[in-house]
Amino acid sequence: RGLGDVYKRQLRKDIDELFSFLTDHSLRVGLISTGLTLLTDRFSRRYPVDFSIANHLLWENGRLTGDVEIRVEHDGKGAALGRFARSVGIRLSEIIAVGDGESDIPMFRAAGMGVGFASGGSVSEKMKRAADVLVTADVAALTAALNNLL
């Protein structure tokens, strides 16, 4: 198994519907991840994304060095959300932030609205307290929740 396996994996079918909804409503989309650009870049190439930031694997002479350039610290998503807002010319209070883990809590606090998303149904108590809205079903339920918030 290698890095190429990331690109071979199928994306969830309902992701297309979510991005169609976002596009149909002319919503600005930012991807903020404490994961790797390897994943966020895949979304950015396939879907209309206005801003994307994640941690970056470092390469030298065509080989991975084993190092990572940290662009988003575990507790840094709130600051990254501020960069997104400035880059697209909107106020933080206008943002609906969607996240699926405790590292998203600073982003929820910075945004006008925080939506906790756990398609598996398992959500930590911290996430429950931090999210304004909690969606524990599938991406279709997330899309419906976003529609209700607009």
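Residues numbered from 1 in each chain as written. Predicted model: local features only at pLDDT ≥ 70, side-chain atom pairs only at ≥ 80, totals over all residues. Heavy atoms only, no water.

Engineer: Lay out the environment of Gly116 in plain terms, naming residues and giving numbers.
Structural biologist: Along the chain, the position of Gly116 falls in strand β5 (residues 113-117). Using a relative accessible area of 0% as the deciding quantity, one classes Gly116 as buried. Here the alpha-carbon distance between Gly116 and Asp24, two residues 92 residues apart in the chain, equals 22 Å. Discounting residues that sit within four places of it in the chain, Gly116 has contacts with Gly99, Phe108, Met127, Ala131, Val133, Leu134 and Val135. (Helix = DSSP H or I, 4+ residues; strand = E, 2+ residues; numbered from the N terminus. Buried < 20%, exposed > 50% of the residue type's maximum accessible area, 1.4 Å probe, protein only. Contact = heavy atoms within 4.5 Å.)

Engineer: Requested: an account of the pattern of salt bridges, with residues and values cited.
Structural biologist: Pairing is possible between side chains that carry opposite charge, provided their charged atoms lie close to one another. Considering all chains together, one arrives at six salt bridges under this definition. A salt bridge links Asp50 to Arg28; the shortest N-O distance between them is 3.4 Å. Remark: Arg28 occurs in the loop between α2 (13-24) and β1 (30-36) and Asp50 occurs in the loop between α3 (37-46) and β2 (51-60); sequence separation between them is 22 residues. Given the relative accessible area of 36%, Asp50 is considered partly exposed. Close ionic contact of Glu69 with Arg71 constitutes a salt bridge, the shortest N to O distance being 3.4 Å. Judged by relative accessible area, Arg71 falls into the partly exposed class, the value being 35%. (Salt bridge = Lys/Arg side-chain N within 4 Å of Asp/Glu carboxyl O.)

Engineer: I'd like to hear about the sheet that holds β5, residue by residue, with values.
Structural biologist: The three strands lie next to each other as β4-β5-β6, forming an open sheet whose pairing is parallel. Each edge of the sheet is formed by a strand with only one pairing partner; in this case those strands are β4 (96-99) and β6 (133-135). Each strand axis lies, on average, 20 degrees off the axis of its neighbour in the sheet, ignoring direction. Note that β5 and β6 share three bridges and pair parallel. By the bridge assignment, Phe117 is partnered in β6 with Val135. (Pairing = 2+ DSSP bridges. Axes fitted to C-alpha atoms, helices over the stretch in contact; angles between N-to-C directions.)

Note that every value here comes from positions in space, so none of it alone points to a role or purpose.
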